[in-house]
Amino acid sequence: MTAVDFEKFVEHLADVSGEAIVPFFRTSISADDKAHGGAFDPVTEADRAAELAMRRLIQTTFPSHGIIGEEFGSTDEDAEYVWVLDPIDGTKSFICGFPTWGTLIGLSHRGRPCYGLMHQPFTRERFHGDGEAAFWRGPARNGKGGEERRKLSVRPCPRLSQATLMTTSPLLIDPALRENFHRVEREVRLSRYGGDCYAYCALAAGHVDLVIETNLNPYDIVALIPIIEGAGGIVTTWSGGSAAQGGSIIAAGDRALHDAALKLLAG
């Protein structure tokens, strides 16, 4: 498969998932609760339809590849190439009508994330990266229509006192680790909640400096790792290890800032 073939295929995955999702956005769509009595964990027909559409396309085009998806589990997860899919990262935002959700399409090679794309079909934005470079594509900002493409780059910010921190919600931080998070939060210039996958892409674009979360699954983070790294950032677990399996995650645009935050997270 050539690079051009690969790019076209991933773009097609994004297209078919977006076509499945957008008709449901800002409608009276209902949501089932996957938690069944725990903390509310919604899933909608849009989530299921988008993941099924992507799975069918992958299985038809690359039958030897594995798939890990949020809604329909794992198939051949030990394959050399594994697609890691989250059809709607930010379903709570989705059902509230906020456009801070996105479709995550990641590819791992022998367990290492090697490509990622975040697609926001409502705003018509795509963030993608391969660990070496990262790019944004979306509506042109000249007000005359058309599309624009630009390279992503994190911004320098070595000090916590100058940093902007994001997390989806402090209530989603593991209670046993919440005080560790607040230690970092008390040191930063600005702390904002919400964003889901969009917060990580804002970091890659140089608008945010830190994203800190816990209890992530691989499908929450694999697609975002090559985007952040391609933009010059770093994403690890709170212990400094690989983020590919999820868990407690910290992403930073500046390595000095990452080190400073890790020290506080370690307590």
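For the structure itself, look to the data block above.
Residues numbered from 1 in each chain as written. Predicted model: local features only at pLDDT ≥ 70, side-chain atom pairs only at ≥ 80, totals over all residues. Heavy atoms only, no water.

Draft legend 1. View of the packing of helix α4 (residues 178-185) against helix α8 (residues 255-265). Where α4 contacts α8, the two axes come as close as 8 Å, and the packing angle between them is 140 degrees. Classified by the interaxial angle, the pair formed by α4 and α8 is oblique. As α4 packs across α8, the resulting crossing turns out to be right-handed. Across the interface between the two elements, N180, F181, R183 and V184 of α4 pack against A261, L264 and L265 of α8. (Axes fitted to C-alpha atoms, helices over the stretch in contact; angles between N-to-C directions. Helix = DSSP H or I, 4+ residues; strand = E, 2+ residues; numbered from the N terminus. Parallel < 35°, antiparallel > 145°, perpendicular 65-115°, else oblique. Left-handed = near helix turned anticlockwise from the far one by under 90°. Contact = heavy atoms within 4.5 Å.)

Draft legend 2. Molecular detail of the nonpolar core. Within the largest apolar cluster, 30 residues are counted, with the highest numbers of intra-cluster contacts made by L152, Y200, I221, L224, I227 and V235. Taken together, the elements giving at least two residues each to this core come down to β9 (134-139), α5 (197-204), β13 (210-216), α7 (224-230) and β15 (247-252). Per element, the largest residue contribution to this core is seven residues, and it comes from α5. Those residues in contact with Y200, other than ones at most four positions away along the chain, are V211, E213, L216, I221, L224, I228, I249 and A251. (Core = buried A, V, L, I, M, F, W, Y, C linked by side-chain atoms within 4.5 Å. Buried < 20%, exposed > 50% of the residue type's maximum accessible area, 1.4 Å probe, protein only.)

Draft legend 3. Spatial organisation of the pairing of β9. Strand direction decides the pairing type here: strand β8 (residues 125-129) and β9, joined by four bridges, are antiparallel. Residue pairing for β9: R126 is matched across the bridge by R137. The antiparallel hairpin formed by β8 and β9 contains four residues in its connecting segment, where G131 sits at a positive phi of about 90 degrees. Sheet topology places β9 next to strand β10 (residues 147-151); five bridges connect them, and they run antiparallel. Bridge pairing in β10 places W136 opposite R150. (Pairing = 2+ DSSP bridges.)

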